[in-house]
Amino acid sequence: FRPPSADATVIGSWAAAALAWAVPPPRPTMAMVEGHGAPLREYLILFAHHNMYFNMRFHELEAIAGLLGMSDKAELYVDQPAPTALSASPLALVRLPGEGAARKLCERAVLVKAVMEVWGTGATISDAVASAVAEGPAGRERRREFLAPPKTYQIRVLAFGKTATMDDKRRIF
């Protein structure tokens, strides 16, 4: 492919469309992803459960992460050893360079149902809130765009492979 010269005639729109189709777009790399070079943040990935493809969820995640420039499993997964296709959980805790990488992951993945940034962790809700507050002003500013009025939030309890009763949900809180 070479760009047309200044004296080239304008080609028809169908030919331009065919030419654009014939030249594949560049593969996304970390340089194209927002936040490259920034410290990695933790994200919780919820996979869609499909009986035929559930065992392929980590293969898909690792392949897309490789396209984004994260080919090292130890860098991608928070938990070590890395989960395998035999893992029963529909969740995976991963490290990504930012929201841009999370968005690109969602755009390409079929088995990813949701990607959520982890703001805090702990054995209890109090511990999780304390770890989120410990991030200081930078973490507060990042959360503010999602929690500031007039926005609202909702806490949902999801059960995998069973139905959680209202009593179960209350006990979790």
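Check the entry above for the structure.
Owing to the predicted nature of the structure, the values given are computational and were not obtained by experimental measurement.

Cut-offs and rules
Residues numbered from 1 in each chain as written. Predicted model: local features only at pLDDT ≥ 70, side-chain atom pairs only at ≥ 80, totals over all residues. Heavy atoms only, no water. Helix = DSSP H or I, 4+ residues; strand = E, 2+ residues; numbered from the N terminus. Buried < 20%, exposed > 50% of the residue type's maximum accessible area, 1.4 Å probe, protein only. Lys, Arg positive; Asp, Glu negative; His and termini not counted. Salt bridge = Lys/Arg side-chain N within 4 Å of Asp/Glu carboxyl O. Polar contact = N/O pair within 3.5 Å; in protein donor to acceptor, adjacent residues only side chain to side chain. Contact = heavy atoms within 4.5 Å. Patch = residues over 30% accessible without salt bridge, like charges linked within 9 Å, V, L, I, M, F, W, Y side chains within 5 Å. Areas by Shrake-Rupley, 256 points an atom, 1.4 Å probe, with all protein chains shown as cover.

### Details of the side chain of Arg57
Link 1 in the chain: Relative to the elements of secondary structure, Arg57 occurs in helix H2 (residues 57-67).
Link 2 in the chain: Buried and without a salt bridge, Arg57 has Glu60 as its closest oppositely charged side chain, separated by 9.4 Å.
Link 3 in the chain: For Arg57, the side chain forms a polar contact with the main-chain oxygen of Phe54, separated by 2.6 Å.
Link 4 in the chain: In contact with Arg57, other than residues within four places in its own chain, are Phe47, Thr84, Ala85, Ser87, Ala88, Ser89 and Leu111.

### Digging into the pattern of salt bridges
Link 1 in the chain: Within this structure, the stated rule accounts for eight salt bridges.
Link 2 in the chain: A salt bridge links Arg142 to Glu117; its shortest N-O distance comes to 2.8 Å. With Arg142 in helix H6 (residues 137-147) and Glu117 in strand S3 (residues 112-117), this pair connects stretches of sequence that are 25 residues apart.
Link 3 in the chain: What makes Arg142 partly exposed here is its relative accessible area of 22%.
Link 4 in the chain: Classification of Glu117 as partly exposed rests on a relative accessible area of 21%.
Link 5 in the chain: Where Arg142 meets Glu135, a salt bridge forms, and the shortest distance between an N and an O atom there is 3.3 Å.
Link 6 in the chain: Given the relative accessible area of 35%, Glu135 is considered partly exposed.
Link 7 in the chain: Among the ionic contacts, a cluster of salt bridges with common partners joins Arg41, Glu117, Glu135 and Arg142.

### Observations regarding a nonpolar patch on the surface
Link 1 in the chain: Taken together, the side chains of Ile125, Val129, Val133, Phe146, Leu147, Tyr153, Ile155 and Phe173 present a nonpolar region at the surface, about 830 Å² in accessible area.
Link 2 in the chain: Elements represented by at least two residues in the nonpolar patch include exactly helix H5 (125-133) and H6.
Link 3 in the chain: A total of three residues in the nonpolar patch trace back to one element, the largest contributor, which is H5.
Link 4 in the chain: Following the sequence through the fold, Phe146 ends up in helix H6.
Link 5 in the chain: The exposure class assigned to Phe146 is partly exposed, which follows from its relative accessible area of 35%.

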